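# Topology and contacts: notes
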Amino acid sequence: MFNKMLVAIDGSDMSAKALDAAVHLAKEQQAELSILHVGREAVVTTSSLTGIVYVPEHFIDEIRNEVKKEGLKILENAKEKAAEKGVQA
């Protein structure tokens, strides 16, 4: 029935359940499973006095790198979880 499947995860408990369901279904259907993670949005607050926010460029790069590292860790854990069930992701 399914040849290819895609599951989106964000590291939450609900996405872990979605991953479990996708892995089960992929194994049952002998389908190719792709796992997608989209990094969280960084929230920046403004000064109540000026309304202006200045974030130095190196901080933005640090935030991006941390979001990327977190996402890669989430994806690697999901891949290992799928492999434990005999599903290549």
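Whatever comes next refers back to the structure up there.
Residues numbered from 1 in each chain as written. Predicted model: local features only at pLDDT ≥ 70, side-chain atom pairs only at ≥ 80, totals over all residues. Heavy atoms only, no water.

### Considerations on the side chain of histidine 37
Filter applied, for reference: Strands are runs of DSSP state E lasting at least two residues, helices are runs of H or I lasting at least four, and both sets are numbered from the N terminus onward. Only protein chains enter the accessibility calculation, which uses a 1.4 Å probe; a residue is then buried when its area is under 20% of its type maximum, exposed when over 50%, and partly exposed in between. Any pair of residues with heavy atoms lying within 4.5 Å of one another is described as a contacting pair.
Here histidine 37 lies in strand E2 (residues 32-37). The exposure class of histidine 37 is buried, given its relative accessible area of 16%. Residues within four places of histidine 37 in sequence aside, it is in contact with Ile9, Asp10, Gly71, Ile74 and Leu75.

### Digging into the packing of helix H1 (residues 13-29) against helix H2 (residues 57-84)
Note the cut-off: Each axis is a line fitted through C-alpha atoms, and for a helix only the stretch in contact is used; angles between axes span 0 to 180 degrees, taken between their N-to-C directions. Put simply, a crossing is left-handed when the front helix is turned counterclockwise from the back one by less than a right angle, and right-handed when it is turned clockwise. For this scheme, ten residues count as nonpolar: Ala, Val, Leu, Ile, Met, Phe, Trp, Tyr, Cys and Pro. Four count as charged, namely Asp, Glu, Lys and Arg, and the remainder, Gly too, count as polar.
Where H1 meets H2, the axes come as close as 10 Å, and the angle between the chain directions of the two elements is 35 degrees. Handedness of the crossing formed by H1 with H2: right-handed. On H2, the residues touching Ala16, Leu19, Asp20 and Val23 of H1 are Ala78, Lys81 and Ala82. Split by residue class, the contact of H1 with H2 holds 5 nonpolar, no polar and 2 charged.

### Quick look at the pairing of strand E1 (residues 4-9)
What counts here: DSSP calls a pair of strands paired once it identifies at least 2 bridges connecting them. Looking down the strands as they point away from the viewer, one classifies a crossover as right-handed if the path from the first strand across the helix to the second runs clockwise.
The alternating pattern of E1 places Met5, Val7 and Ile9 on a buried face and Lys4, Leu6 and Ala8 on a face that is not buried. Here E1 runs beside E2; their pairing, made up of 6 bridges, is parallel. Bridging from a neighbouring strand, alanine 8 pairs with leucine 36 of E2. The handedness of the E1 to E2 crossover, carried by H1, is right-handed.

### A short note on a nonpolar patch on the surface
This is how the line gets drawn: Exposure above 30% relative accessible area and the lack of any salt bridge qualify a residue for a patch; like charges then connect within 9 Å, and the nonpolar side chains Val, Leu, Ile, Met, Phe, Trp and Tyr within 5 Å. In short, Shrake-Rupley with a 1.4 Å probe defines the accessible areas, and a residue's cover is counted only from the protein chains shown. Basic side-chain nitrogens of Lys or Arg form a salt bridge, by our definition, when they fall within 4 Å of a carboxyl oxygen of Asp or Glu.
Together, Leu6, Leu36 and Val38 give the surface a local cluster of nonpolar side chains, amounting to about 300 Å² of exposed area. In this fold, leucine 36 is placed in strand E2. Judged by relative accessible area, which is 37%, leucine 36 ranks as partly exposed.

### As for the nonpolar core
Put simply, the test is: Put simply, a nonpolar core is a bunch of buried Ala, Val, Leu, Ile, Met, Phe, Trp, Tyr and Cys residues held in one set by side-chain atoms that sit within 4.5 Å of each other.
Ranked by size, the top nonpolar core spans 14 residues in total, and within it Val7, Ile9, Leu19, Leu33 and Ile35 carry the most contacts. A total of 4 residues in this core trace back to one element, the largest contributor, which is H1. With residues up to four places along the chain from it excluded, the contact list for valine 7 reads Ala18, Leu19, Ala22, Leu33, Ser34, Ile35 and Leu36.

### Quick notes on H1
The condition is simple: A helix is expected to reach a length of 1.5 Å times the quantity of its residues less one. The arc refers to the directions leading from the helix axis to the C-beta atoms.
Compared with the 24 Å implied by 1.5 Å per residue over 17 residues, the 24 Å span of H1 between its first and last C-alpha is a close match. Buried within H1 are the following residues: Ser15, Leu19, Ala22, Val23 and Ala26. End-on, the buried residues of H1 take up no more than an arc of 100 degrees, which puts them together on one face. More than 90 degrees from the buried face of H1, the exposed residues found are Asp13, Met14, Lys17, His24 and Glu28. For H1, the elements touching its buried residues are E1, E2 and H2. Positioned one or two residues after H1, glutamine 30 has a phi angle of 55 degrees, which is positive.

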